[in-house]
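Here's the letter readout for the chains.
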Amino acid sequence: MMDKALSKQIKWLQTWKTSEGAYNGFVVHRHDLKRMFKIHDTPWSQGPIIVGYINLYEHTRDPQWLNEAIAAADLQCKRISVTGEYIYAGYEDDRFSSLVHNSLANCALLDLSKTLINDGRDAAKYINVVKKNIDEYLIKELWDEEFGAFRFSRIDYYSPDKTRYVVNMNSLAVESLIKLSNLINEEKYQEYAIKIGEWMLTEQIISDDIENGGISYSQVQPRVLISIYTALAMRGLDDLYLLTNDPRYLEMMKAASTHLMSLVDSETNLFCHKIEEGKLFKYPEFISGAGIILKALNDTEKLTGENYDYCPILDAVLENQLPNGGFKNFVGYNSTDNNRINGDEKVEVWEDTVPTIGWNAHIFEFLSRKVQGQIPENSMENNKIFNNRYGYCETKNWVMIISLTNINSSILYLTWKRLPISIVYLSKKQYRKILGYMARLYRKFIRSKK
């Protein structure tokens, strides 16, 4: 069942692939954030897609998957700037080159390097790009020696008055530091990782309620526990344990996994979104993005021997695969929990349904771990959904979305998948400007008649 679902998804993913190896795609993020006009690649997608192809190659030894990983990795290498950071590394906001996106790119390139070296092939190009990023951007610009962690980004536009050290971002950086150190035998990178690890150990909540085991978002948001970011905060813990043999990292992973399993919504079998200051915010619940959490649980299983019954969660995700192979994004996007004024989570909106590369990349990586044999051949069907709330049509070349009845989800959209920008994009913001302009014209007309 998973192999068939994966086969269908691969066909869909590759409809977004450019001739250069970039996986384009618009972004529908949590908190009603989006990037719809520019649809270029991002490490948030490119990273797990590279790793997913490596997993397929390791399972099947079919060279087509290694070639796909190399093509996507070569594109990621082209995104390194002269100052060391990756461009397009802000997901929904191109002003950023954030720590998490840089580290996702680095981890993927290092995983590919390890596979190539094991096959007796040269990986210097990828290692050199990672080393440039870590030396010239992460360490030179983002490292805070006094605090013992990396800052969010060169400029944190979302928190200009407070310097944030985000746990999940630093955990991914730890993973990349240790992987680089292992490949090139330079211990200085381990020293940074261990210093970060000591701080991370202080960021897990210990309590008698639903917060127990959750991992803080940042040092200035200690009781903001977001399920996908708790999962990402676990990424470097297994690397730290294998490096140091310190059982505290093992216990931290186990407690975080237990916390995540406690957040499964019994009605949907999906993970609730977050806990903030002790209050549960269920929505939006991730569907394709649940792959991030499933990977973390699977990592804990492999390291500790624990078993987590996430089959009902995986079944819920698989049930939300569309005919074209993409998985839906969310349940409950149209919720007040998601910064929607007068929102109603029971009203499905296009943001729930229309699959995006950014979230699908992560369920792809998880499914690629579970391959049983050769991937069966499959074909892609078109998606067509038209109801009284939205219209959505997707082929192998283009996507069309129209929604006019819900002001928060209002959109008129057309994009050609292999172009870096959309062809037509009118959103709530543009609609309001147009309506305001028409209202002003109408008032002028009425005054002229008087």
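Details of the structure are given in the entry above.
Just so you know, the residues in each chain are numbered from 1, in the order the chain's sequence is written. In keeping with the predicted nature of the model, local features appear solely for residues at pLDDT of at least 70, side-chain atom pairs appear and are counted solely at 80 or more, and the whole-chain, interface and lining totals rest on all residues. The side-chain numbers reported here are obtained from all heavy atoms of the structure, hydrogens and water having been left aside.

Any residue with relative accessible area above 30% and no salt bridge may belong to a patch, with like charges joined within 9 Å and the nonpolar Val, Leu, Ile, Met, Phe, Trp and Tyr side chains within 5 Å. Each accessible area value is a Shrake-Rupley result obtained with a 1.4 Å probe; residue values ignore everything except the protein chains displayed when judging cover. The rule for a salt bridge is simple: a side-chain nitrogen of Lys or Arg has to be within 4 Å of a carboxyl oxygen of Asp or Glu. A cluster of nonpolar side chains, namely Ile402, Leu404, Leu412, Trp416, Leu419, Ile423 and Val424, defines an oily patch on the protein surface of about 570 Å² accessible area. Secondary structure follows DSSP: runs of H or I at least 4 residues long count as helices, runs of E at least 2 residues long count as strands, and numbering of each begins at the N terminus. With respect to the secondary-structure elements, tryptophan 416 resides in strand β13 (residues 411-416). Exposure categories follow from relative accessible area, calculated using a 1.4 Å probe and restricted to protein chains: below 20% of the type maximum is buried, above 50% is exposed, and the middle band is partly exposed. Relative accessible area serves as the criterion here: at 36%, tryptophan 416 is assigned to the partly exposed category.

Here we take up the nonpolar core. What is meant by a nonpolar core is a set of buried Ala, Val, Leu, Ile, Met, Phe, Trp, Tyr and Cys residues, joined one to another through side-chain atoms within 4.5 Å. Ranked by size, the top nonpolar core spans 130 residues in total, and within it Phe26, Trp44, Leu56, Leu112, Phe150 and Ile401 carry the most contacts. If one sorts the elements of this core by residue count, helix α4 (residues 99-118) sits on top with ten residues. The contact rule is simple, with two residues in contact once any of their heavy atoms fall within 4.5 Å. The contacts of tryptophan 44, once residues within four sequence positions are left out, are Tyr91, Val100, His101, Leu104, Tyr229, Leu232, Ile292, Gly358, Trp359, Ala361 and His362.

Only Phe, Tyr and Trp rings take part, Trp by its six-membered ring, and two of them pair if their centres are within 6.5 Å. Stacked means planes under 30 degrees apart, edge-to-face means over 60, and tilted covers everything else. In the structure shown here, the tally under the stated rule is 22 aromatic pairs. Note on tryptophan 44 and tyrosine 91: the rings are 5.4 Å apart at their centroids and 40° apart in plane angle, and the pair reads as tilted. Of this pair, tryptophan 44 sits in helix α2 (residues 43-60) while tyrosine 91 sits in the loop between α3 (63-78) and α4, placing them 47 residues apart in sequence. Tyrosine 91 shares its class with tryptophan 44; the two are buried. Their ring planes at 70° and their centres at 5.4 Å tell us that tyrosine 53 and phenylalanine 364 sit as a pair that is edge-to-face. Within this pair, whereas tyrosine 53 is found in helix α2, its partner phenylalanine 364 is found in helix α14 (residues 357-369), the two being separated by 311 residues in sequence. Tyrosine 53 gets classed as buried once you look at its relative accessible area, which sits at 0%. Accessibility expressed as a relative area gives 0% for phenylalanine 364, which makes it buried. Ring pairing ties together the aromatic residues Trp44, Tyr91, Phe286, Phe330, Tyr333 and Trp359, which thus form one cluster.

Cavities and pockets were defined on a 1 Å grid built over protein atoms only: a cavity is a set of grid points that admits a 1.4 Å probe from which the probe cannot escape, a pocket is an open set flanked by protein on both sides within 12 Å along at least five of seven lines, and lining residues are those with an atom within 4 Å of any such point. Grid points are joined across faces, edges and corners, and a volume is the space filled by probe spheres set on the points. A complete count under the given rule lists three cavities of 30 Å³ or more for this structure. Taken as a whole, the largest cavity spans an internal volume of roughly 40 Å³. What lines the largest cavity is Ala231, Met234, Arg235, Met253, Ile292, Lys295, Ala296 and Asp299. Sorting elements by how many residues they give to the lining of the largest cavity places helix α11 (residues 290-304) first, with four residues. Note that Gly is not counted as nonpolar here; it falls among the polar residues with everything else outside the nonpolar set of Ala, Val, Leu, Ile, Met, Phe, Trp, Tyr, Cys and Pro and the charged set of Asp, Glu, Lys and Arg. Here the residues of the lining of the largest cavity sort into five nonpolar, no polar and three charged.

Inspection of the entire model under this criterion finds 33 salt bridges. Aspartate 32 is the partner of lysine 34 in a salt bridge, and the nearest nitrogen-oxygen pair spans 2.7 Å. According to the relative accessible area criterion, lysine 34 is partly exposed, its value standing at 23%. Judged by its relative accessible area of 18%, aspartate 32 falls in the buried class. Glutamate 251 is the salt-bridge partner of lysine 254, the closest N and O atoms lying 3.7 Å from each other. Of this pair, lysine 254 and glutamate 251 both sit in helix α10 (residues 247-262), three residues apart, which is roughly one turn of that helix. Residues participating in the shared-partner salt-bridge network are Asp32, Lys34, Arg340 and Glu351.

What follows is about the sheet that holds strand β14 (residues 424-427). Here, a strand pair is defined by DSSP locating no fewer than two bridges between the strands. Taken in spatial order, the five strands of this open sheet run β10-β11-β12-β13-β14, and their pairing is antiparallel. Since the sheet does not close on itself, it has two edges, and those belong to β10 (383-386) and β14, each with one partner. Ignoring which end each strand starts from, the neighbouring axes of this sheet average 10° apart. Taken together, the four bridges between strand β11 (residues 391-394) and strand β12 (residues 398-403) define a ladder with antiparallel strand orientation. Paired with glutamate 394 across the bridge in β12 is valine 399. For helices, the fitted line uses only the C-alpha atoms of the stretch in contact; every axis is such a line through C-alpha atoms, and the angle between N-to-C directions lies from 0 to 180 degrees.

We now examine the environment of threonine 202. Residue placement: threonine 202 occurs in the loop between α7 (188-200) and β5 (224-226). Considered as a pair, threonine 202 and asparagine 378 are 176 residues apart in the sequence and their alpha carbons are 47 Å apart.

We now examine unusual backbone geometry. Going from tyrosine 283 to proline 284, the amide bond is cis rather than trans, its omega being -5°. The phi angle at tyrosine 91 is positive, at roughly 60°, despite the residue not being glycine. When its relative accessible area of 2% is taken as the criterion, tyrosine 91 is described as buried.

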